[in-house]
Each structure stands twice: as structure tokens, then as C-alpha cells.
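Each chain is listed here by its residues.
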Amino acid sequence: GQSLEQPSEVTAVEGAIVQINCTYQTSGFYGLSWYQQHDGGAPTFLSYNALDGLEETGRFSSFLSRSDSYGYLLLQELQMKDSASYFCALQGGAGSYQLTFGKGTKLSVIP
Amino acid sequence: EAGVTQFPSHSVIEKGQTVTLRCDPISGHDNLYWYRRVMGKEIKFLLHFVKESKQDESGMPNNRFLAERTGGTYSTLKVQPAELEDSGVYFCASSQGTSRYNEQFFGPGTRLTVL
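On a predicted model such as this, the values are computed, not experimentally measured, just so you know.

## Quick look at the state of the cysteines
Working definition: the covalent bond between the sulfur atoms of two cysteines is a disulfide.
Residue and element names in this part refer to chain B.
Next up, step 1: Inspection of the entire model under this criterion finds 2 disulfides over all chains.
Next up, step 2: For C23, the disulfide goes to C92, at an S-S distance of 1.8 Å. Taking the sign of the torsion about the S-S bond as the criterion, the disulfide between C23 and C92, at about -65°, is left-handed. Of this pair, C23 sits in strand β3 (residues 19-24) while C92 sits in strand β9 (residues 88-95); the two residues are 69 residues apart in sequence, bridging distant segments of the chain.

Pasting the structure below:
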């Protein structure tokens, strides 16, 4: 099966940079996705890495290293509205397209 | 364009009763997925439809759960009879294609409480 580990909580200051790490175990997958969820609402797609390296989307960047079974989400110029839960998720593998989620990291942005 | 919608937003039922959850995917999305999150656990995959066909139902917990997608549009997830451990938030997601690069768009979820 697949499993992912990420920190349960992170606190950072408004305007700062924060990195949320994700390690995983799997026998195969198509890519690593990141989702944001505010207060139990709909998870919202942030970023996807199919290949090793950095993907940048505005203030958010995501990184994947398949050899290290590791990825991270980098949030820059933190804003109060970034306070939310962030989930890493392995996408698919072996013909399956399901997402396998980590337990989520609750990010608190403080003034 | 409307997003993924789910109905009801909340449902409270007693153990042994039946509940049916509905999901309307984004128009034109052939792929529809069901996930659920039980208290304190991660979001877990239940099943995947491609149009009206079940592509992958490896996450369905047991035969008390029945998912349908007649006509390849909206989907229903029926729990019969409901048990206490079925409580949680049930999410539906849809995507445009099965390409592994495709983003899954999630609905707001249905919060199910079984008493």
C-alpha cells in the first residue's frame, strides 16, 4: 500500500516563508499533489509534481525527490488567509487514479 | 461554471437506517471519485467512476456501501444499514480526464453522523 507522513501542525509569522515536508512509502505512483483545506471545506488543488524538481505557482512552490521519497510545499509571503490544513497526496499508480492522502498539516499564520 | 456540488451538506441518522448521498460533478467531467474522512483519520479513497462504469472500487469498505452513476452524470452513494463507524465527511471529486496529470476538483462534502 501507500502511506505518507507530514507534520501535524506548523506555525509561521505573516510575511515569512514556511516549508511543509512530506515523506512517503509506495511501490509506484504517478505524482505528488498538494491540496489546501479551510475549516473542513472542499480540498482545493494547489500543485502537482510528476517529475523530480521544483514547480512554482505564484507564492506556492512544490518539490519532489523520488529517490528520497520526499516532497515539500513552500509557501512564501505568508498571509493570514493561508491559515488552513495542507495535504500531500500520492496520485495513482498501476492504472489507478485515486489520491492517497497524508493526515494533513494545520498551518497557523500569526501576525 | 459551477463546481462539484453535494447534497445534503449534513445528515444525522440512527444506526440501522439508510442514507443516500448525492454528488453532481462539474459538467463534462467523465471521472467521478468518492472519498471519506472519518474523525482523526486521513481522507481515504472509496471508488472511481469513468462515466457510468466503476473503474476502481478498491476502497469501498464493505457491501453496506453502494455507489451508482446512472447515465454518467450525477452519482449516489447509499449506506444501508448505517453503522456508527460510518460517521465522517464524504467528499466527491471530479476530473476531466484520466490523464495522470489531471487535477481533481472536490465538492464541499456531506457530513454524516450516525447515532
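From this point, the narrative continues.
## Quick word on the pattern of salt bridges
Residue and element names in this part refer to chain B.
Next up, step 1: On inspection of all chains with the given rule, the structure shows 5 salt bridges over all chains.
Next up, step 2: For K15, the salt bridge identified is with E83, shortest N-O distance 4.0 Å. Of the two residues, K15 is situated in the loop between β2 (10-13) and β3 and E83 in the loop between β8 (75-79) and β9; the sequence distance between them amounts to 68 residues.
Next up, step 3: A salt bridge links D86 to R64, with the shortest nitrogen-to-oxygen separation between them at 2.6 Å. Highlighted residues: D86 in the loop between β8 and β9 and R64 in the loop between β6 (53-56) and β7 (65-68), separated in sequence by 22 residues. Judged on exposure class, the residue D86 and its partner R64 are both buried.
Next up, step 4: In this structure, a network of salt bridges that share partners links the residues R36, R64 and D86.

## Digging into the packing of aromatic side chains
Next up, step 1: If you walk through the whole model with that rule in mind, you get 16 aromatic pairs over all chains.
Next up, step 2: Arranged with centres 5.7 Å apart and planes meeting at 75°, the rings of Y35 of chain A and F45 of chain A form a pair that is edge-to-face. You can see Y35 of chain A sitting in strand β4 (residues 31-37) and its partner F45 of chain A sitting in strand β5 (residues 44-49), a full 10 residues away along the chain.
Next up, step 3: On the basis of relative accessible area, Y35 of chain A is assigned to the buried category, the value being 1%.
Next up, step 4: Grouped by ring-pair contacts, the aromatic residues Y35, F45, F87 and F101 of chain A together with Y33, Y35, F45, F91 and F106 of chain B constitute a single cluster.

Parameters and conventions
Residues numbered from 1 in each chain as written. Chains lettered and ligands numbered in written order. Predicted model: local features only at pLDDT ≥ 70, side-chain atom pairs only at ≥ 80, totals over all residues. Heavy atoms only, no water. Disulfide = S-S within 2.5 Å. Helix = DSSP H or I, 4+ residues; strand = E, 2+ residues; numbered from the N terminus. Salt bridge = Lys/Arg side-chain N within 4 Å of Asp/Glu carboxyl O. Buried < 20%, exposed > 50% of the residue type's maximum accessible area, 1.4 Å probe, protein only. Phe/Tyr/Trp six-rings, centres within 6.5 Å; stacked < 30°, edge-to-face > 60°.

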